[in-house]
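# Architecture and fold: a report
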Amino acid sequence: MKEIEELFLPENVRYTEMHEWTRDDGDNVTIGIDDYAQDQLGDIVFVELPEIGATFEKGEEFGTLESVKAVSEIYMPVSGEIIAINEALEEAPELINSAPYNDGWIIEVKPNDPDEINTLMSSSEYLEMLKGEE
């Protein structure tokens, strides 16, 4: 497992306490799990994705990840409607491990309130939270 200093935590995304990331892409947001979460889970072997058109409130479970170690829930960082899922994960769930912020994105959402993303942590705030968990 990586040391906290080795984690890749881009500054152009916002983070949750449950280790999801959210990137503002204009009208929509892209969501995935961060480098810390994928590292803790180990090799991801299966992803359960929601249906396009489904709506979720912030904090609701929208899917699960199965790794060689455990099954983990994924939670909505912002309220909104699922407008896209990363279908590549059905055949290659390991993309979450190799590129969590790029090819390993999980869903794209049309947020109910675009300002809700501003309530999430910056990379520096998230890093401070992780250091507190050690």
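The paragraphs below set out a description of the structure included in this document. (Residues numbered from 1 in each chain as written. Predicted model: local features only at pLDDT ≥ 70, side-chain atom pairs only at ≥ 80, totals over all residues. Heavy atoms only, no water.)

Moving on to the overall build of the chain. A tally of regular secondary structure across the chain gives 4 helices and 9 strands. Taken from the N to the C terminus, the helices and strands of the chain come in the order β-β-β-α-β-β-β-β-β-α-α-β-α. Over its C-alpha trace the chain gives a radius of gyration of 14 Å, about what one expects of a compact globule, namely 14 Å for 134 residues. Taking the principal axes of its C-alpha atoms as reference, the chain extends roughly 35 × 30 × 20 Å. (Helix = DSSP H or I, 4+ residues; strand = E, 2+ residues; numbered from the N terminus. Rg over C-alpha atoms; globule rule 2.2 N^0.38 Å.)

What follows is about the environment of arginine 14. Among the secondary structure elements, arginine 14 is positioned in strand E1 (residues 14-15). When its relative accessible area of 24% is taken as the criterion, arginine 14 is described as partly exposed. Residues arginine 14 and isoleucine 31, spaced 17 residues apart in sequence, show a C-alpha to C-alpha distance of 9.6 Å. Ignoring anything within four residues of it in the chain, the contact list for arginine 14 reads Glu20, Trp21, Thr22, Ile117, Asn118, Leu120, Met121 and Ser122. At 2.6 Å, the side chain of arginine 14 and the backbone oxygen of leucine 120 are in polar contact. (Buried < 20%, exposed > 50% of the residue type's maximum accessible area, 1.4 Å probe, protein only. Contact = heavy atoms within 4.5 Å. Polar contact = N/O pair within 3.5 Å; in protein donor to acceptor, adjacent residues only side chain to side chain.)

Summarising the element assignment, asparagine 102 is placed in the loop between helix H3 (95-98) and strand E9 (107-111). The spatial distance from the C-alpha of asparagine 102 to the C-alpha of isoleucine 117 is 19 Å, given a sequence separation of 15 residues.

What follows concerns the sheet that holds strand E6 (residues 61-67). Across the sheet, 3 strands lie side by side as E4-E6-E7; this open sheet has antiparallel pairing. Each end of this open sheet is capped by a strand with a single partner; those strands are strand E4 (44-48) and strand E7 (71-75). Neighbour to neighbour, the strand axes of the sheet diverge by 25° on average, direction disregarded. Note: E6 against E7, 5 bridges, orientation antiparallel. The residue of E7 that forms the bridge with glutamate 61 is tyrosine 75. (Pairing = 2+ DSSP bridges. Axes fitted to C-alpha atoms, helices over the stretch in contact; angles between N-to-C directions.)

Another point: the side chain of asparagine 97. Secondary-structure assignment places asparagine 97 in helix H3. Only 2.9 Å separates the side chain of asparagine 97 from the side chain of glutamine 38, close enough to count as a polar contact. For asparagine 97, the residues in contact, after removing those within four places along its chain, are Gln38, Gly42, Asp43 and Ile44.

Read these as layout, nothing more, since geometry by itself doesn't imply function.
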